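Working through the structure, step by step
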Amino acid sequence: MTKIIIIDFGSQYTQLIARRIREMNVYCEIISCNSDLAALDEKGNNGIILSGGPETVDEHYVNKFSALFEVGCPVLGICFGMQLMALAAGGVVSSTVRMEYGHASLRARGHSKLLADIEDNVNEAGHGLLDVWMSHGDSVTKLPSGFKCIASTTTTPIAGIANEARDHYGLQFHPEVKNTTKGLEILKRFCVDLCGCERDWTSSNFIDRRVESIKNLVKTDSVVLGLSGGIDSSVTAALIHLAIGDRLTCLFVDNGLLRKDEASAVLEIFKNRGLKIRLINAREIFLKKLEGVTEPEDKRKIIGKTFIEVFEHEAQALKNIKWLAQGTIYPDVIESAGVKDGMGHVIKSHHNVGGLPETMRLSLLEPIRNLFKDEVKRIGEELGLPKKHMLRHPFPGPGLAVRILGEVTNEKCEILREADSIFIDELEKADLYNSVSQAFVVFLPIRSVGVKGDGRAYEYVVALRAVTTDDYMTAKSAELDFSFLNGVATRIANSIPKIARVVYDITSKPPATIEWE
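Residues numbered from 1 in each chain as written. Predicted model: local features only at pLDDT ≥ 70, side-chain atom pairs only at ≥ 80, totals over all residues. Heavy atoms only, no water.

A word on the overall build of the chain. Along the chain, the regular secondary structure elements total 14 helices and 19 strands. Over its C-alpha trace the chain gives a radius of gyration of 25 Å, about what one expects of a compact globule, namely 24 Å for 517 residues. Put simply, the chain has 517 residues, and 56% of those count as buried. Put simply, of all contacts in the chain between residues at least 6 apart along the chain, 76% involve residues at least 24 apart. Of the accessible surface of the chain, which amounts to about 21,800 Å², a share of 48% is contributed by carbon and sulfur atoms. (Helix = DSSP H or I, 4+ residues; strand = E, 2+ residues; numbered from the N terminus. Rg over C-alpha atoms; globule rule 2.2 N^0.38 Å. Buried < 20%, exposed > 50% of the residue type's maximum accessible area, 1.4 Å probe, protein only. Contact = heavy atoms within 4.5 Å. Areas by Shrake-Rupley, 256 points an atom, 1.4 Å probe, with all protein chains shown as cover.)

What follows is the structure in structure tokens.
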């Protein structure tokens, strides 16, 4: 199968490059810049893409990565990747007087195979213009030998470079971001036209390859999986079960941090698929360890560590358990800077990435680690999981612990469970559930004065959160009708005595994240 290799230099947009490439049914893989790159020229790759990154390019990076430009296949450098390409070829990279962030109008200069006939509009002089997304504080200020300038903006004279004799291209803007309106066409031009990749990456192909890789990796061992009932762990369970059958044991851990009636719903879904599922009541263990803990990172790590301890304890009663499976997906990895030894900046530690102890005795199996949420859903449907289940909104691994700001207690969990259930029920009754990407309630660490009956109340405050998103890396607050929100707030406050006030979060991501912690 033809493929593109993406070298990750720590950009928060790296996974979007892969997402866009897969949208055109071209197979690609992301590799950390600090992985062993010496074997790249031995793998018959069709092309290499160098991602952006948070660091400044200097001679250290040139010395370390100059071999990437000698592999012999086409190379596309994006942002940091373009600057590295230019500096390695003898150009100059400097800090810009004026940083360039957000939308820019870019003029294509100098005919190039990469940008030829790709344009959003034309200026009065007949020059092709592109609407692009910039995010950089450094730029190329002197062209390297053998390269020509193929694009510029008013603030960045060299916004694109090309050495077409070697099929080396650099773009200062980000074609992977949807704000670059012709970005998909540019990536298609590189991957399909210049690199010769076949457009044969499909859900079926992924399942076949992953099942084979699981068989080869696990061999005759057995696997234990923490089945939460969410989309990610459900697809992971179905995929591994297809590969190794009853050598997979799913542990459904009731940690006291789950949604209302979660256990019965999950068992109902999987009871006819032949999966071995063991229900473990560990509420007291988790809530005890969370006593007095208020920092979100500490909560995540405690929960992750406790999960492993529970798994390892339960695994002692199972035969030949050597692997712990998790439903980690790309956004988890990227936001946690989880690409091994990468240069990414941590936004937050995710449940599947940030909480594993170094002493863990089980090897880690993450078969959907390189998939995006929409891809996971398609894989799940292909595997025969109920479509309604695949349309469920995401639920964080640490559960309600990261939707309760401050200390987690059983009382707060029960209150939040009920409020969240009401919100979801109202969305479903109004036929709004599938029009939002994720919706939930957050328990705030404050009390507010209210009126309950004829008396004064001083009770808790909760926040409603609903967002729309394509990739969960950026998101907008869902524009729900005010009368609907008023109805939800009224029902919650009237149904739950401990809640006096309900607010609605209208913050986009960024600057916020979807979850509050």
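Turning next to the pairing of strand E12 (residues 248-254). For E12, the buried fraction is high: seven of the seven residues fall into the buried class. On E12, burial covers both faces: Leu 248, Cys 250, Phe 252 and Asp 254 on one face and Thr 249, Leu 251 and Val 253 on the other are all buried. As paired elements, strand E11 (residues 222-226) and E12 share four bridges and run parallel to each other. Bridging across to E12, Leu 225 finds its partner in Cys 250. For the crossover that starts at E11, traverses helix H6 (residues 231-244) and ends in the parallel E12, the hand is right-handed. As defined by bridge partners, E12 adjoins strand E13 (residues 276-281) across six bridges and the pair is classed as parallel. Paired with Val 253 across the strands is Ile 280, a residue of E13. As for the winding sense of the linkage, the β-α-β connection from E12 through helix H7 (residues 262-270) to E13 is right-handed. (Pairing = 2+ DSSP bridges. Right-handed = clockwise from strand over helix to strand, strands pointing away.)

Let's shift gears to the pairing of strand E7 (residues 128-142). Note: strand E6 (residues 121-122) against E7, two bridges, orientation antiparallel. Residue pairing for E7: Asn 121 is matched across the bridge by Leu 129. Linkage of E6 to E7, two consecutive antiparallel strands, is achieved through a turn of five residues, within which Gly 126 is found at a positive phi near 85°.

Summing up the model confidence of the chain, the mean pLDDT is 88 and the portion of residues at 70 or higher is 93%. Mean pLDDT across the secondary structure elements of the chain bottoms out at helix H10 (residues 330-335), with 65, and peaks at strand E10 (residues 168-171), with 98. Confidence drops under pLDDT 50 across residues 337-351; counting only partners more than four residues distant or on other chains, this segment forms 55 contacts. (pLDDT = per-residue confidence, 0-100.)

To continue, consider the packing of helix H13 (residues 410-429) against helix H14 (residues 482-495). It is the contact of H13 with H14, at a shortest axis distance of 10 Å, that shows an interaxial angle of 145°. The handedness of the crossing between H13 and H14 is right-handed. Packed against H13, whose contacting residues are Ala 419, Ile 422, Phe 423, Asp 425, Glu 426, Leu 427 and Lys 429, the element H14 presents Phe 484, Val 488, Arg 491, Ile 492 and Ser 495 at the interface. Looking at the contact of H13 with H14 residue by residue, the class counts come to seven nonpolar, one polar and four charged. (Axes fitted to C-alpha atoms, helices over the stretch in contact; angles between N-to-C directions. Left-handed = near helix turned anticlockwise from the far one by under 90°. Nonpolar A, V, L, I, M, F, W, Y, C, P; charged D, E, K, R; others polar.)

Within the fold, Gly 10 resides in the loop between strand E1 (4-8) and helix H1 (14-23). Of the residues examined, Gly 10 reaches a relative accessible area of 7% and is grouped as buried.

We now examine the pattern of salt bridges. Pairs can form between side chains of opposite charge whenever their charged atoms are close. Under the counting rule described, the total for this entry stands at 32 salt bridges. For Glu 185, the salt bridge is made with Lys 182, and the minimal N-O distance between the two is 3.5 Å. Judged by relative accessible area, which is 22%, Lys 182 ranks as partly exposed. For Arg 417, the salt bridge is made with Glu 414, and the minimal N-O distance between the two is 3.1 Å. (Salt bridge = Lys/Arg side-chain N within 4 Å of Asp/Glu carboxyl O.)

Another point: the nonpolar core. The biggest cluster of nonpolar side chains holds 87 residues, and the ones touching the most others in it are Val 235, Val 253, Phe 423, Leu 480 and Ile 492. For Phe 423, the contacting residues outside a window of four places in its chain are Ala 439, Phe 440, Val 441, Leu 464, Arg 465, Ala 466, Leu 480, Phe 484 and Val 488. Within the second largest apolar cluster, 37 residues are counted, among which are Ala 18, Cys 79, Val 132 and Tyr 169. (Core = buried A, V, L, I, M, F, W, Y, C linked by side-chain atoms within 4.5 Å.)

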